[in-house]
Amino acid sequence: MSQRAVFAQTTQPVEKTFQQLLHDKVGHLLQTFFVAEITPENYHLFDLQRRALWIGVAIFLQTLNEIDHDWYIPYLMPVGSLIPFVLILGSFVAMWMALRPASQPRPKSAIKRPPTRWQKLMLLALLILTVIGAVELGRGLIMSVLPPQFSNDGTSLDTNAAMLLLEGRNPYTNSNMLDIYRNQNFTLEPNWTTPLRQGQFANRYDYPSIAEFRSALDTALKAGEAPEFESKVSYPALSFLTLLPFALFKNYNVLPLYLASYLFLVAIAWKASRPEIRPWVLLLSIANVPMWSSTVGGNLDVLCTLFVVIAWLLRERRWSTALFFGLALASKQTAWFIAPFYFVMLWRLYGFKEAVYRCMLASMFMLLINMPFILWNPHAWLAGVLAPMADPMFPMGVGLVGLSVTHLLPFLPTSVYTLLEGVAMLAMLYVYWRICRKRPEAAFLLAIIPLFFAWRSLPSYFYCAALPMFVLISSRLTPLSGQALASAFSTMVQRNKVGMASSLNAPLSM
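Residues numbered from 1 in each chain as written. Predicted model: local features only at pLDDT ≥ 70, side-chain atom pairs only at ≥ 80, totals over all residues. Heavy atoms only, no water.

*Asks:* Could you give an account of the overall build of the protein, naming the residues involved and the relevant values?
*Replies:* When its secondary structure is counted, the protein shows 27 helices and 4 strands. The contacts of the protein with a sequence gap of at least 6 include a subset with a gap of at least 24, amounting to 79%. Total accessible area on the protein is roughly 24100 Å²; 64% of this is exposed by carbon and sulfur atoms. (Helix = DSSP H or I, 4+ residues; strand = E, 2+ residues; numbered from the N terminus. Contact = heavy atoms within 4.5 Å. Areas by Shrake-Rupley, 256 points an atom, 1.4 Å probe, with all protein chains shown as cover.)

*Asks:* Pulling in residues and values, what's your account of the side chain of D391?
*Replies:* Among the secondary structure elements, D391 is positioned in the loop between α21 (387-390) and β3 (396-397). Every residue in contact with D391, bar those within four places of it in the chain, is listed here: L196, E230, K232 and L386.

*Asks:* Go over the packing of aromatic side chains, please, and point to the residues and values.
*Replies:* The tally for this structure, following the rule as stated, stands at 36 aromatic pairs. Relative to F462, the ring of F92 has its centre 5.5 Å away and its plane inclined at 70°; by these criteria the two rings are edge-to-face. You can see F92 sitting in helix α5 (residues 82-99) and its partner F462 sitting in helix α25 (residues 460-463), a full 370 residues away along the chain. Considered together, F92 and F462 belong to a single accessibility category, that of buried residues. For the ring pair Y417 and W455, a centre distance of 5.4 Å and an interplane angle of 70° mean the geometry is edge-to-face. Of the two residues, Y417 sits in helix α23 (residues 414-435) while W455 sits in the loop between α24 (443-446) and β4 (456-457), which places them 38 residues apart along the sequence. (Phe/Tyr/Trp six-rings, centres within 6.5 Å; stacked < 30°, edge-to-face > 60°. Buried < 20%, exposed > 50% of the residue type's maximum accessible area, 1.4 Å probe, protein only.)

*Asks:* How would you sum up the nonpolar core? Please name residues and give values.
*Replies:* Membership of the largest hydrophobic core comes to 150 residues, with the highest contact counts inside it found for M95, W280, W312, F341 and Y432. Not counting residues within four places of it along the chain, the set of residues in contact with F341 comprises W312, M425, M428, L429, Y432, A443, L446 and A447. (Core = buried A, V, L, I, M, F, W, Y, C linked by side-chain atoms within 4.5 Å.)

*Asks:* Describe the pattern of salt bridges, listing the residues and the values that go with them.
*Replies:* All told, the structure shown has 13 salt bridges when counted by the stated rule. With its nearest N and O atoms 3.1 Å apart, the salt bridge here joins D391 to K232. One end of the pair, D391, is in the loop between α21 and β3; the other, K232, is in the loop between α10 (210-223) and α11 (238-241), with 159 residues separating them in the sequence. The shortest N-O distance in the salt bridge between E276 and R274 comes to 3.2 Å. Classification of E276 by relative accessible area gives partly exposed; the value is 37%. One connected set of salt bridges, linked through shared partners, spans D47, R50 and R51. (Salt bridge = Lys/Arg side-chain N within 4 Å of Asp/Glu carboxyl O.)

*Asks:* Please set out unusual backbone geometry residue by residue, giving values where relevant.
*Replies:* A cis amide bond links M77 with the next residue in sequence, P78, at an omega value of 0°. You can see P78 is positioned in the loop between α4 (73-76) and α5.

*Asks:* Report on the side chain of D153, specifying residues and quantitative values.
*Replies:* By the element assignment, D153 lies in helix α7 (residues 153-166). One buried charge, D153, has no salt-bridge partner; the nearest side chain with opposite charge is R456, at 7.4 Å. Sequence-distant contacts of D153, that is, excluding residues within four places in its chain, are made with M177, W192, T193 and T194. (Lys, Arg positive; Asp, Glu negative; His and termini not counted.)

*Asks:* A description of the environment of I59 should follow, citing residues and the corresponding values.
*Replies:* Its location among the elements puts I59 in helix α3 (residues 43-65). Spatially, the C-alpha atom of I59 lies 7.1 Å from that of S91, the residues being 32 residues apart in sequence. Ignoring sequence-local partners within four residues, the contact set of I59 consists of L284, A287, N288, P290 and A466.

*Asks:* For the environment of I73, give the residues involved together with the corresponding values.
*Replies:* Within the secondary structure layout, I73 lies in helix α4. Its relative accessible area of 14% is what places I73 among the buried residues. Along the chain, I73 and T406 lie 333 residues apart, while their C-alpha atoms are 8.2 Å from each other. Apart from the residues within four sequence positions on either side, I73 is in contact with G80, S81 and T406.

*Asks:* Lay out helix α18 (residues 334-350) in plain terms, naming residues and giving numbers.
*Replies:* Counted at 1.5 Å a residue, the expected span for α18 with its 17 residues is 24 Å, and the 24 Å between its end C-alpha atoms agrees. The largest bend along α18 measures about 30° and falls at P340. Residues of α18 that are buried: A335, I338, F341, Y342, V344, M345 and L346. Elements that come into contact with the buried residues of α18 comprise α16 (301-313), α17 (318-329), α19 (352-376), α23 and α24. Where α18 ends, the next residue or the one after it, G351, has phi of about 100°, a positive value. (Expected span 1.5 Å × (residues − 1). Bend = angle between axes of the 7 residues up to and from the residue.)

What follows is the structure, encoded as structure tokens:
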């Protein structure tokens, strides 16, 4: 009897304490994102996880830059500009670390390598960022069914351009910021516009205050002309041609297009990555607060980035890669900065003649899309697409010029910034020439570094680099096939059909 009692006692289940349950949950979470033991078989997975963590560091630093600069720069001037300067520069370093080969060589036998403390803390920080990213996604979905409200005046100008085109008017000659401001379909604050250093703002470098914005706008409304505000459609034609369906249905909230572009990019990353790395794909996609913020703000960069990523993934397919890169060139000028890197990649991988042929195809697609507007009024089209470089815009940004905005350094002549940008471009092309065969995704980092020295180095220029670079890093050894892309696209269409339909049927602001 005593033996039976002892046996019964030893087989009773032991309830785990809260601390034990928490420890098990944390251990399972760490096993999801990190290998605890490096073997010759899982070394590639270990290396991908290491690169993913560095991409996470870049996203984390860029997220810190999303904190409103007005919270600290007015109190720390002029040294306050060093904070965004260092954060963006640090994100470049983190992305470069993601490109570097692992310091841990491939082992011949199993080696225990649990995640270090800093890796655990970084993972915790990224998990916290997913909460903010999920809020941004929810905010974007809600804004998609509300009347349009974009703080990015480029989106308002593009939407208005689609409306003008449906009326049979040339967007590059008939675009007017005052008409947009008067239009009840748009909600546009004066400080959401792009000011120019002319009219009331001539002969100055300091960015106008809100009171100065309102004063200039009131004067412009009375005079019927607004020389202080950028009114041109400043992007190639695909930037507003993609918005024609919204204008046709008289729903001018174009945010669903940019949200769908981001989600499609995530779907591509999911399809292209191996199953073990997909938790990192979801984590980085949701935690990417800067890119979410840019997307929800109606920034065109996400659509252009999507085209460029697909062009890189389909680099084995001549016509497909040229088509998508041509679409990128036809949508926004940021693709023009990556074009030399695209040519270098094709040259190094497929030869000079093939690179020339594919780049000619991409240019042909770009010109075909823009040709009607070039023939309509070549001067107006050229003035529009060159406006970001040619018009007298105010210096601003998080790069070198940001140190002068707060007067930590004196302003240099604009030609000096152009020279520094050109020298940096040549240097980055040389680096890419050396590494592109092993790291073709490095173009997403190297192409934006020259913009750090530009007269205008807006944060949005740098936010669409980290995640796309990881999409290419995590893709399979062979480029993504057209069938996989089609499958990803089909999945996204099914998931977004209800949301897009509700957006198109949303009420308009009156």
